[in-house]
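# Reading the structure
Below, each chain spelled out in residue letters.
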Amino acid sequence: MDLSYGPEYEAFRAEVQKFLIDFKDQAPRGIGGTGRPAAETIHWQKLLIEHGYAARTIPKEYGGYGAEPDILKSRIISEEFTAAQMPGGIANQGVSMFVPTLLELGTEEQKQKWIRPTLNGDIVWCQGYSEPGSGSDLASLQTKGTEDGDDFLVNGQKIWTSTAKSADMMFCLVRTEPDAPKHKGISYLIFPMDTPGIEVRPLVTMTGNAEFNEVFFTDVRVPQNQIIGERGQGWFVANATLGHERGMLGDPNAAGSRLAEITQMMMEETVDGERLMDNPFLRDRLVKLQSRVLTMQYHGMRLLTARVKKESTGVAGLIVKLQGCDLNHDLAALAIDAMGEIGVLYDGSPMERSRGKWQWRYMFDLGLIIGGGTAQIQKNIISERGLDMPREPKPVKPAPADAAKSA
Amino acid sequence: MEFALSEEQKMLQDSVGRYLETACSLDVVRGVAEKSGLQADDVWSGLIDLGVPSMMVPEAYGGMAFGMLEAALVSEVMGRHVAAVPFIGACVLGPLAIARGGSDALKEAWLPKIATGAIRVGVALSEHTGAREDAGITAEGDRLSGRSLFVIDGGMADIFVVADTQGGLHLIEAGAEGVETIALTSIDRTRSLSEIRLTKVVSQPLDGGEDVLASLIDAGRVLYAADTLGAGWAMIDKAVAYAKERKQFNRVIGSFQSVKHMCAEMAAELEPCRSLIWYAAYAQDALPDDARLTAGHAKSHLSEVGRFVARTSTEVHGGMGFTDLLGLHYWFKRIGVNRQILGGPERVREELAKLQGWAA
Ligand SMILES: Cc1cc2nc3c(=O)[nH]c(=O)nc-3n(C[C@H](O)[C@H](O)[C@H](O)COP(=O)(O)OP(=O)(O)OC[C@H]3O[C@@H](n4cnc5c(N)ncnc54)[C@H](O)[C@@H]3O)c2cc1C
C-alpha cells in the first residue's frame, strides 16, 4: 500500500483544479450516455483527452493521452471532477467496450482506423448482441452471416440495441459457422449502420425515452475482413467486451458523484421546515450508502493495481457489475425517498428538481441491472467462476429403462 | 503508488494464518469455549514464537514496530480461525497506548515485557463509545475509582490501559490493591470480555489524552472489522465446501441455483470489504484526514455485511449449521460480538454523520 500524496501529486491536483476553473465555461451540462454526443460534448471530450483527463492510458498513436496507469492520479481526477460537479469523459459503448476490445484483440490497422475517432466522439458505436430469443443465453443467437463472394450476407434481428438509432457503426455477433457447436460458430463483425438492408425501430422504455431499439437485417453486405479476431472466435472476442462492460457498468466513480449530489441536495431541500439531512433515518441511509461507495472505490483501486501488475483478480473482479449497479440504483432510490412527493415529479412538471434526473436514473439503472448480464447471471458467474461451484446440470436424458417404460 | 499488500505483508499474514490453521483447530477452540473462555495457552505460546505480541512495540523496546495494516492483516486471520487468544487489546491497542502516551520510564517498564508476551494488556475504554449502567472511571490525583465495562482482553490481563471519563488515559496493574475483575459471559467464548471495578487504585498517567484515546478507538474499530472479514470469509468457504459435498434430490446442493446465489451474494458483499479494511488500516498511519471516517465505515459496514454472511452461511448448512457439533456457530458468534464492541453500526454511523457536519 502506498497512497501517499507526494508533492508531485499535490501539483497534479492543482493542475486538475486549474483546468476545471479555466475551462468551466466549455463544459457541457451533462454527458448523456445513450445518444449521439452533442457538439459541446465532443469539444469537451477533445479537451479532456488533450489534458489527460479522458482516454488517459490509451496510447498516443491511437488518439489517447498515453500516460502510464497511475491509480492516484486517476483518483485525483475523479475526486476533483466530482467536487467541481463537472462531467467526465464520454463513456459510451464505443469508448468503454469497443476500444478496449480492439486494443486487446484488434489488428494494428483496425486500431489505427477506429480508436481515435471513437475516443473523440466522432464515431458512435452500438452493440448488436441480444436477440429476441437470445438474451441471457446469448450464445444461442441466430442472426446469420452467409458467405457471398468476399462478403457475408447478414440476415436476422437484434433487440435492445442501445443507441442504434444514432450510431454510425455496429459491433455485432453473427452466426457464420452454422455447423459448429453454438459457442464456436459466431463471428464478431463491424459495419456501418447506413449499410443497405438495416432497419432500426426505436423501442420506448419505461423512462419514456427510446434508449434502445430493434434492428432488422435483410441481406446486409459486410466484407469478410470487417471482423475482429478470426471467424468462429466471436464468442471469445465478445467475452472480452463483456468483461469491459461489467467494468463500465459498475463504475464506482459515478457512485461517488451521485453521493456528493445527494448530500448537497439533502442539505438544501427542506420538509416541514427542516433540512432533509436532519431526518435521522434518511441520514443513516446516506451514511450507509457512503460505506458502500467508499468500499467500491477502494475496491476499484485494488483492481486497478492488480490489472497494472497483471495479476489475476478472481472473485474480486467478478463482483463489480453486480455490486456497482445495485449501489447506483440504491443511491437514486434514496434521492427519491428523501424528496418524497417532489421526488416523483417528472417530464418537466412544476417543482420538478434537476430535470427529473433521479427518477430517470432510478428507472434506467434498473435497466442496467438487467442489461449487460442480469444480476442473476452475474451471480451464476460469481458462484461458478469465482467460487468454483457446479454449473447448472444439463437436462438428463431419460435412462434406457425409463424410456422403454414410457414408450 | 499502489493499492496492494507488499510481499512482506503477505508473508506475515500467511505465516500467522498457517500457524493458526493447524494450532488453533476447532477442538482447541471448543476446548477453550467450553471451559471458561480465557485462552488457548499453546496457541498463545506459538504466537509468541511468531512474534505477534511484539508487532506493535517500537524497535527500541524489542518490538517489530509494524503498522496498523499489518495489525489488521493479523486480526483478519485471527477471525478466520476464531483464535481463542487475546489480540486486539493485548497485542495492539495496549502497546499502542503505552508507546503513544507513556513516559520513557513506563515504556521501559512495560513494552519489552509486552513484546515477549510475558505481560498482557487489557483495554478499558468502552465508556467512550457508549457509556451504560452508570459506569465510568474518575481520576483523582494518581488514583482511579469507578467501573469500566466490556474491557477488551481483560480476562488474562496483567495490566490495564484505562480511559477516565474526561478522556485521560492511565495504566494500572491488575494485581494492584483495589482492582476487582468480573468476567462477563458473551455468546463468543473465544475471547474474554470483562468488567473492572476500581477503588482508589494507584495509576500512572499516559499522555496525549483524547487524541490518543480517539486513535485507539479508531484502531480498535478497524481491527474488529478485520476480524469479521476473516471470520466471514471462513464462513463463506465453509458454506461453499459444504454445498459441494452435501447431496439432496440426488445432486449436490451446490448445484441448486438458489444455494449458488446465496454464496455469490456473500462473496459479492464481503470481498470488496477487504479493500475498505486495507484502506482504513493504512489510513490510521498514513492518511490522518481519512483515519476517523474510514475506521468508522470499516466498523459499521463490516458489521452489516458480517451479519448477512453469518446468517446466510448458516442457512446453506441447513440443520447442521445450527448444531453445536459442526461448530459453525463459533464464527457466527464472533461476528455477532464484533458488531457491538466499540459501537454498533447505527451509533457509529451517527458519529460519522456528525464528523462530516451532517448532524448536530
Ligand atoms: C437498458 C438496457 C440496455 C441494453 N443495451 C443492449 C445493447 O446495447 N446491446 C445488446 O446487445 N443488448 C442490450 N441489452 C440487452 C441485455 O443484455 C439483455 O436484456 C440481458 O442480457 C437479459 O436478456 P433478456 O432481456 O432476454 O432476459 P432473459 O434472458 O429472458 O431473462 C429474464 C429473467 O430470467 C433470468 N434468467 C435467465 N437465464 C437465467 C439463468 N441461467 N439463471 C438464472 N436466471 C436466469 C434473468 O436473470 C431474468 O431475471 C440491454 C438491456 C437493457 C435493459
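Quick caveat, the model's predicted, so the values are computed rather than measured. (Residues numbered from 1 in each chain as written. Chains lettered and ligands numbered in written order. Predicted model: local features only at pLDDT ≥ 70, side-chain atom pairs only at ≥ 80, totals over all residues. Heavy atoms only, no water.)

## Considerations on the overall build of chain B
On a plain count of helices and strands, chain B comes out with 12 helices and 10 strands. Against the globule reference of 21 Å for 360 residues, chain B gives a C-alpha radius of gyration of 20 Å, in line with a compact fold. When each of the 360 residues of chain B is scored for burial, the buried share is 60%. In chain B, 73% of the contacts between residues at least 6 apart in sequence involve partners at least 24 apart. (Helix = DSSP H or I, 4+ residues; strand = E, 2+ residues; numbered from the N terminus. Rg over C-alpha atoms; globule rule 2.2 N^0.38 Å. Buried < 20%, exposed > 50% of the residue type's maximum accessible area, 1.4 Å probe, protein only. Contact = heavy atoms within 4.5 Å.)

## A short note on the packing of aromatic side chains
In this description, a pair of aromatic rings is defined by centroid distance and the angle of the planes. Residues and elements named next belong to chain A. Under the counting rule described, the total for this entry stands at 19 aromatic pairs over all chains. Geometrically, the ring pair formed by Trp160 and Phe212 is tilted, given 5.3 Å between the ring centres and 55° between the ring planes. Of the two residues, Trp160 is situated in strand β3 (residues 151–162) and Phe212 in strand β7 (residues 212–223); the sequence distance between them amounts to 52 residues. Given the relative accessible area of 25%, Phe212 is considered partly exposed. Note on Phe191 and Phe217: the rings are 5.8 Å apart at their centroids and 90° apart in plane angle, and the pair reads as edge-to-face. Here Phe191 is found in strand β5 (residues 186–192), whereas its partner Phe217 is found in strand β7, with 26 residues between them in sequence. Grouping aromatic residues by their ring pairs yields a cluster made of Phe98, Trp114, Trp125, Tyr129, Phe171 and Tyr188. (Phe/Tyr/Trp six-rings, centres within 6.5 Å; stacked < 30°, edge-to-face > 60°.)

## Thoughts on the domain arrangement of chain B
By a widespread convention, an interface's size corresponds to the accessible area lost as its parts come together. Residue and element names in this part refer to chain B. Assigned domains of chain B: these are domain 1 (7–89 + 109–115), domain 2 (121–209) and domain 3 (211–355). Computed from C-alpha coordinates alone, the two centres of domain 1 and domain 3 are separated by 20 Å. Counting from both sides, the interface comprises 20 residues of domain 1 and, opposite them, 25 residues of domain 3. Here domain 1 packs against domain 3, burying approximately 1900 Å² in sum over the two surfaces, 64% of which is carbon and sulfur. Ranking the residues of domain 1 by area buried against domain 3 places Met68, Arg80 and Ile88 at the top, with a combined share of 34%. Taken together, domain 1 and domain 3 are joined by three salt bridges. (Domains from an automatic or database assignment. Buried area = accessible area lost by both parts, 1.4 Å probe. Salt bridge = Lys/Arg side-chain N within 4 Å of Asp/Glu carboxyl O.)

## Some points on the domain arrangement of chain A
Residues and elements named next belong to chain A. For chain A, the assigned domains are domain 1 (9–90), domain 2 (125–232) and domain 3 (250–386). Computed from C-alpha coordinates alone, the two centres of domain 1 and domain 3 are separated by 22 Å. Contact with domain 1, which involves nine residues of that partner, is made by 12 residues of domain 3. Between domain 1 and domain 3, the buried area comes to about 880 Å², and carbon and sulfur atoms account for 64% of it. Taken together, domain 1 and domain 3 are joined by zero salt bridges. For the interface between domain 1 and domain 3, the tally reads two residue pairs in polar contact (both at pLDDT 80 or more). When the residues that make up the side of domain 1 that touches domain 3 are grouped by side-chain class, the tally is two nonpolar, five polar and two charged. (Polar contact = N/O pair within 3.5 Å; in protein donor to acceptor, adjacent residues only side chain to side chain. Nonpolar A, V, L, I, M, F, W, Y, C, P; charged D, E, K, R; others polar.)

## Things to note about the interface of chain A and chain B
The partner chain B presents 50 residues to the 49 residues of chain A that form the contact. With both chains or domains summed, chain A and chain B bury close to 4300 Å², and 63% of this area falls on carbon and sulfur atoms. Applying the counting rule to chain A against chain B returns seven salt bridges. Viewed at the interface, chain B and chain A are joined by 21 residue pairs in polar contact (both at pLDDT 80 or more). Top contributing element to the side of chain A that touches chain B by residue count: helix α8 (residues 280–308) of chain A, with 16 residues.

## A look at the pairing of β5 of chain A
All names here are of chain A. Most of β5 is tucked away, with six of its seven residues classed as buried. Direction of pairing for strand β4 (residues 169–175) relative to β5: antiparallel, over a ladder of seven bridges. Bridge pairing in β5 places Arg175 opposite Ile186. (Pairing = 2+ DSSP bridges.)

## A word on the site of the ligand
All names here are of chain A. Near the ligand you find 20 residues, and of these Gln127, Ser130, Ser136, Trp160 and Thr374 are the closest. Separating an oxygen atom of the ligand from a backbone N or O atom of Gly372 is a distance of 3.3 Å. Contact distances for the ligand include 2.7 Å between an oxygen atom and a side-chain N or O atom of Thr374. When contributions to the shell around the ligand are tallied by element, the ones reaching two or more residues are β3, α11 (357–370) and α12 (375–386). Each of domain 2 (125–232) and domain 3 (250–386) contributes no fewer than three residues to the shell around the ligand. (Near = heavy atom within 4 Å.)

## A few points about the pattern of salt bridges
On inspection of all chains with the given rule, the structure shows 50 salt bridges over all chains. Lys260 of chain B is the partner of Glu384 of chain A in a salt bridge, and the nearest nitrogen-oxygen pair spans 2.5 Å. You can see Glu384 of chain A sitting in helix α12 and its partner Lys260 of chain B sitting in helix α8 (residues 257–286), one on each of two chains. A residue is classified by how much of its surface remains accessible, and Glu384 of chain A, at 15% relative accessible area, is buried.

## Let's talk about the nonpolar core
Membership of the largest hydrophobic core comes to 199 residues, with the highest contact counts inside it found for Phe81, Tyr188 and Met266 of chain A. Per-element accounting of this core gives the leading share, 20 residues, to helix α7 (residues 209–245) of chain B. One finds Phe152, Ala167, Met170 and Val200 of chain A within the second-largest nonpolar core, a separate group that totals 19 residues. (Core = buried A, V, L, I, M, F, W, Y, C linked by side-chain atoms within 4.5 Å.)

## Section: unusual backbone geometry
Note: most residues except glycine have negative phi, and most peptide bonds are trans. Residues and elements named next belong to chain B. Although it is not a glycine, Asp153 adopts a positive phi angle of roughly 55°. Residue position: Asp153 is located in the loop between β3 (143–152) and β4 (159–163). The exposure class of Asp153 is buried, given its relative accessible area of 7%. In this model, Leu342 sits at a positive phi of 60°, which is unusual for a non-glycine residue. Examined against the element boundaries, Leu342 turns out to sit in the loop between α11 (329–340) and α12 (345–355).

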